[in-house]
Amino acid sequence: MLEWGIWISALLYMVAFCLNAYRVLIGPSLPDRIAALDTMYMNAIGPVILMGISTGTRFDFEAAMLIAMFGFLSIAALCKYLLRGMIIE
């Protein structure tokens with residue numbers, strides 16, 4: 001039963017990831033593309049955690065934490081660059 005849930009969740013994460021990729025590439029405006037990119041890295045964390053649940057290892061959860069931290073920092077730097085024109089003042 002758990003295996004079916006993991007496969008269905010992974011499929012739904014892939015669909016969400018593809019829809020976010022479409023919005024990043026075809027988005028109507030730059031803020032929409034940034035929001036889609038932010039959601040895309042959050043959707044990338046889900047399959048990593050699902051893989052950790054299915055294999056029973058702890059390293060996948062640490063990888064998910066790193067993806068979350070780097071994703072937050074990169075989106076914050078991108079927004080600051082778009083607002084001010086430079087990242088480091």
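See the structure printed just above.
Remember, it's a predicted structure, so these values are computed and weren't measured experimentally.

Rules used in this analysis
Residues numbered from 1 in each chain as written. Predicted model: local features only at pLDDT ≥ 70, side-chain atom pairs only at ≥ 80, totals over all residues. Heavy atoms only, no water. Core = buried A, V, L, I, M, F, W, Y, C linked by side-chain atoms within 4.5 Å. Buried < 20%, exposed > 50% of the residue type's maximum accessible area, 1.4 Å probe, protein only. Helix = DSSP H or I, 4+ residues; strand = E, 2+ residues; numbered from the N terminus. Expected span 1.5 Å × (residues − 1). Contact = heavy atoms within 4.5 Å.

A.B. asks: Help me understand the nonpolar core, please; the structure alone is not making it clear to me.
C.D. replies: As a rule of thumb, nonpolar side chains are buried together in soluble globular proteins. Ile 34, Tyr 41, Ile 45, Val 48, Ala 64 and Ile 75 form the largest nonpolar core, which has six residues in total. With four residues, the top contributor of residues to this core is helix α2 (residues 30–55).

A.B. asks: Before we go on, may I ask you to explain helix α3 (residues 59–84) in this structure?
C.D. replies: Turn by turn, an α-helix covers 3.6 residues, leaving residues three or four places apart pointing in a common direction. The terminal C-alpha atoms of α3 lie 37 Å apart, and with 26 residues this matches the ideal 38 Å at 1.5 Å per residue to within 8%. Of all the residues in α3, the buried ones are Asp 60, Ala 64, Gly 71 and Ile 75. Looking at the buried positions of α3, the neighbouring elements they touch are α2. Once α3 ends, the next one or two residues include Gly 85, with phi positive near 90°.

A.B. asks: How should I be thinking about the environment of Phe 61 in this particular structure?
C.D. replies: On the secondary structure map, Phe 61 appears in helix α3. Each C-alpha atom, one on Phe 61 and one on Met 51, is 9.1 Å from the other, the two residues being ten residues apart in sequence. Phe 61 has contacts with Ile 49, Gly 52 and Ile 53, leaving out every residue within four places of it along the chain.

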